[in-house]
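Coordinate inspection notes
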Amino acid sequence: MVTPWDVEGKDGEGIDYDKLVRDFGCSTIDEKMIERIERVTGVRAHPFLRRGMFFAHRELDIILDAYERGEKFYLYTGRGPSSESLHLGHLIPFHFTKWLQDAFKVPLVIQLTDDEKFLWKDLTLEECGRLARENAKDIIACGFDPKRTFIFSDVQYMSTPLYQNMMKIAKCVTLNQVRGIFGFTGESNIGQVGFPPTQAAPSFPDCFPHMFGESKTSLRCLIPCAIDQDPYFRMTRDVAPRIGGYKPALIESRFFPALKGESGKMSASDATSAIYVTDTPKEIKSKVNKYAFSGGQLTVEDHRRLGGDLNTDISWKWLNFFLDDDEELAKIGEEYSSGRMLSGEIKAKLIETLIPICQGHQDAREKVTEETIDAFMSTQPRVFASLFGDMGDVAGALDESVSNSKPGVAIGAPEPEGPMKKQQDKAQTGEDGGQMSKSQMKKLLKEQQIAEKKRAKAEAKAAAAAN
Ligand code: TRP
């Protein structure tokens, strides 16, 4: 069972990712696609991509097509700030997003859903706001480019076009639909029921006029996220054409396996299931030795004879994510599965790999000042062109040219859609009562009917999957 708030495998079994992909209706990422990413970016694929951590997508091919044609896109990801200290699993999407940002040289927006966590957890709104800023430090420590990155907390950033988009999205989605998509019940609070548009809206670039200008189609959007967030964006993609926007594309990851074994995602509230980014070398050593689920055999004799089980061994799985060196990794796999390497030895390899990662994160976080956070969260207009490609230096022109631009709007961003395009959007949404021609009306009706049928089908599927 997978929703954005709960992930559970069948007792003792792992998550059936093939089933998830089937039920959700996304696609898997194959070798060819990875090669294509390497070709268009000229950068070797990140281990998370090469080794199947990010394994599913929606319309990533369309983003790549557009990118090759020279069209621009931006990245959108986020975090629900529900705890003070992050575990290693939390860093995965951010490290990967940082890689995407560098490889494609594109801007990024990061949503901190302090409102979501307030609605779902036993926390005050003020505490969620504080956690958002604390978590921003960890996110910044992953090394994002401040010129191309905007971090925002929902509660802080709400009185902007973000809210307009939320309203437009909300009007397109019924209570029955969110029940189908998210499993809301009569017991859900109405804040929860109304929350999905908040996470949907940043998929449209006009939520961020200071970055992307006021056009809804100035950019396409690519969202790196864990696959449990898919329901939000299934809903978003469904609504997108109706409010005149592009459907966001997705690149989706598996869950990071818990230290004690792969039956759910690593929980921040179970200290023995996670390595925190704040853990000391001593804590890392003791946790891995004590709790990391071993695929090794019970006795040394058996182990030498039968070898370790790479399918269940957590040290092996984690090494796959954190050990960069392909050759060394292959060697460890060979040694361990043949029984030449013992469980204690593969654990030692993991410990050796994790310590510098946590240490590096702690050092980087140390350096993040209040001013740095403010800079990332600033809504000062940016120079649109400087957000892409090798144009980083143009950002220096910001101060001089800012007076020439509309207040609050990015400098040199594409204008909102011209009259032709506007007509189309109106026709699709029927917004502001614009007159539609008969054929437009017919077309719209047909589209809506098809969309409705598709939606009903997907919902039935998702509901079946949830049960
Ligand atoms: N709901 C996500 C969480 O609880 C946070 C989030 C907001 C997010 N927007 C996102 C995650 C976009 C991925 C992509 O962590």
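In the block above lies the structure referred to throughout.
Reference entry: report on the structure contained in this document.

**Here we look at the overall build of the protein**
- Counting its regular elements, the protein contains 23 helices and 9 strands.
- A burial count over the protein gives 51% of its 467 residues as buried.
- Considering only contacts in the protein between residues 6 or more positions apart, those separated by 24 or more positions represent 77%.
- Here the protein displays about 21,800 Å² of accessible surface, and carbon together with sulfur accounts for 52% of that area.

**Focus: the packing of helix 7 (residues 125–140) against helix 20 (residues 370–377)**
- Where helix 7 meets helix 20, the closest approach of the two axes is 10 Å, and the angle between their N-to-C directions is 85°. As far as their axial angle goes, helix 20 and helix 7 are roughly perpendicular. Contacts between helix 7 and helix 20 involve R133, A136, K137 and I140 from the former and E370, T372, I373, D374, F376 and M377 from the latter.

**Some points on unusual backbone geometry**
- Not every positive phi belongs to a glycine, and E59 is a case in point at roughly 55°.
- Examined against the element boundaries, E59 turns out to sit in the loop between strand 2 (54–58) and helix 4 (60–68).
- Residue E59 is classed as partly exposed on the basis of its relative accessible area of 25%.
- Backbone geometry at K105 places phi at a positive 55°, although glycine is not the residue there.

**A few points about the side chain of S203**
- Within the fold, S203 resides in the loop between helix 12 (196–200) and helix 13 (209–212).
- Looking at S203, the relative accessible area reads 2%, which means it is buried.
- From its side chain, S203 meets the backbone oxygen of A200 in a polar contact 2.7 Å long.
- Not counting the four nearest positions on each side in its chain, S203 is found in contact with Y74, Y76, C221, I223, F233, T236 and P248.

**Some points on the sheet that holds strand 2**
- With mixed pairing, 7 strands are arranged side by side in an open sheet as 1-2-7-6-3-4-5. Both outer strands of the open sheet, strand 1 (27–28) and strand 5 (149–153), are each paired with one neighbouring strand and no more.
- Contacting strand 2, strand 3 (73–79), strand 4 (108–112), strand 5, strand 6 (220–226) and strand 7 (249–253), helix 5 (residues 88–104) crosses the sheet at an angle of about 165° to strand 3.

**Brief notes about the pairing of strand 4**
- The buried fraction of strand 4 is high, at 5 of 5 residues.
- Burial along strand 4 is two-sided: the face carrying L108, I110 and L112 and the face carrying V109 and Q111 are both buried.
- The pairing of strand 3 with strand 4 spans 5 bridges and is classified as parallel. Of the residues in strand 4, the one forming a bridge with R79 is L112.
- Bridge count for strand 4 against strand 5 is 5 bridges, and the pairing is parallel. Each residue of the ladder has a partner; that of Q111, found in strand 5, is F152.

**Structural notes on the state of the cysteines**
- Under the defined criterion, the tally for this structure stands at 0 disulfides.
- Just so you know, C26 is unpaired, no disulfide at all, and the nearest cysteine sulfur is the one on C225, 9.3 Å from it.

**Side note on the site of the ligand**
- Around the ligand sit 14 residues, and of these Y76, Q111, E116, Q199 and Q229 come closest.
- Contacts to the ligand include Q111, whose side-chain N or O atom sits 2.9 Å from a nitrogen atom.
- The contact in question runs from a nitrogen atom of the ligand to an N or O atom on the side chain of Q229, over 3.0 Å.
- Here the shell around the ligand takes 4 residues from strand 3, the largest share from any one element.
- Of the residues that constitute the shell around the ligand, the class distribution is 4 nonpolar, 7 polar and 3 charged.

**With respect to the side chain of Q199**
- Following the sequence through the fold, Q199 ends up in helix 12.
- Reaching out from Q199, the side chain makes a polar contact with the side chain of Q229 at a distance of 2.8 Å.
- For Q199, the contacting residues outside a window of four places in its chain are Y76, Q111, T113, E116, Q229, Y232 and F233.

**A closer look at the packing of aromatic side chains**
- The full count for this structure, using the stated rule, is 33 aromatic pairs.
- Judged by centre distance (5.7 Å) and plane angle (35°), the ring pair of W5 and F184 falls under tilted. Taken together, the residues W5 in the segment before helix 1 (17–24) and F184 in the loop between helix 10 (175–182) and helix 11 (190–194) connect sequence positions 179 residues apart. F184 shares its class with W5; the two are buried.
- Between the aromatic rings of F256 and F322, the centroid separation amounts to 5.5 Å while the plane-to-plane angle is 70°, which identifies the pairing as edge-to-face. Of the two residues, F256 is situated in the loop between strand 7 and strand 8 (257–258) and F322 in helix 17 (residues 314–322); the sequence distance between them amounts to 66 residues.
- Relative accessible area serves as the criterion here: at 15%, F322 is assigned to the buried category.
- Cluster of aromatic residues (ring-pair linked, three or more members): W5, Y76, W120, F182, F184, F195, Y232 and F233.
- A cation over a ring is seen here: K72 above F388, with NZ or CZ 5.4 Å from the ring centre.

**Examining the nonpolar core**
- Ranked by internal contacts, the top residues of the largest apolar core, which has 107 residues, are L49 and W318.
- In terms of residue count, the dominant contributor to this core is helix 5 (9 residues).
- Residues I15, Y17, C26 and I227 belong to the second largest nonpolar core, which totals 12 residues.

**Let's talk about helix 18 (residues 326–338)**
- Helix length check: helix 18, at 13 residues, gives a terminal C-alpha distance of 18 Å against a target of 18 Å (1.5 Å per residue), a fit within 8%.
- Those residues of helix 18 that sit buried are L329, I332, G333 and Y336. Across the axial projection of helix 18, the buried residues extend over an arc of 100°, all falling on one side. Turned more than 90 degrees away from the buried face of helix 18 sit E327, A330 and K331, all of them exposed.
- Backbone nitrogen of E327 and a side-chain oxygen of the N-cap are separated by 3.0 Å at the start of helix 18; the cap is D325.
- Positive backbone phi, at 95°, marks G339, one or two positions downstream of helix 18.

Quick notes on the rules
Residues numbered from 1 in each chain as written. Predicted model: local features only at pLDDT ≥ 70, side-chain atom pairs only at ≥ 80, totals over all residues. Heavy atoms only, no water. Helix = DSSP H or I, 4+ residues; strand = E, 2+ residues; numbered from the N terminus. Buried < 20%, exposed > 50% of the residue type's maximum accessible area, 1.4 Å probe, protein only. Contact = heavy atoms within 4.5 Å. Areas by Shrake-Rupley, 256 points an atom, 1.4 Å probe, with all protein chains shown as cover. Axes fitted to C-alpha atoms, helices over the stretch in contact; angles between N-to-C directions. Parallel < 35°, antiparallel > 145°, perpendicular 65-115°, else oblique. Polar contact = N/O pair within 3.5 Å; in protein donor to acceptor, adjacent residues only side chain to side chain. Pairing = 2+ DSSP bridges. Disulfide = S-S within 2.5 Å. Near = heavy atom within 4 Å. Nonpolar A, V, L, I, M, F, W, Y, C, P; charged D, E, K, R; others polar. Phe/Tyr/Trp six-rings, centres within 6.5 Å; stacked < 30°, edge-to-face > 60°. Lys NZ or Arg CZ within 6 Å of the ring centre and 35° of its normal. Core = buried A, V, L, I, M, F, W, Y, C linked by side-chain atoms within 4.5 Å. Expected span 1.5 Å × (residues − 1). Arc of directions from axis to C-beta.

From the geometry alone we can't say anything about function, so treat these as descriptive.
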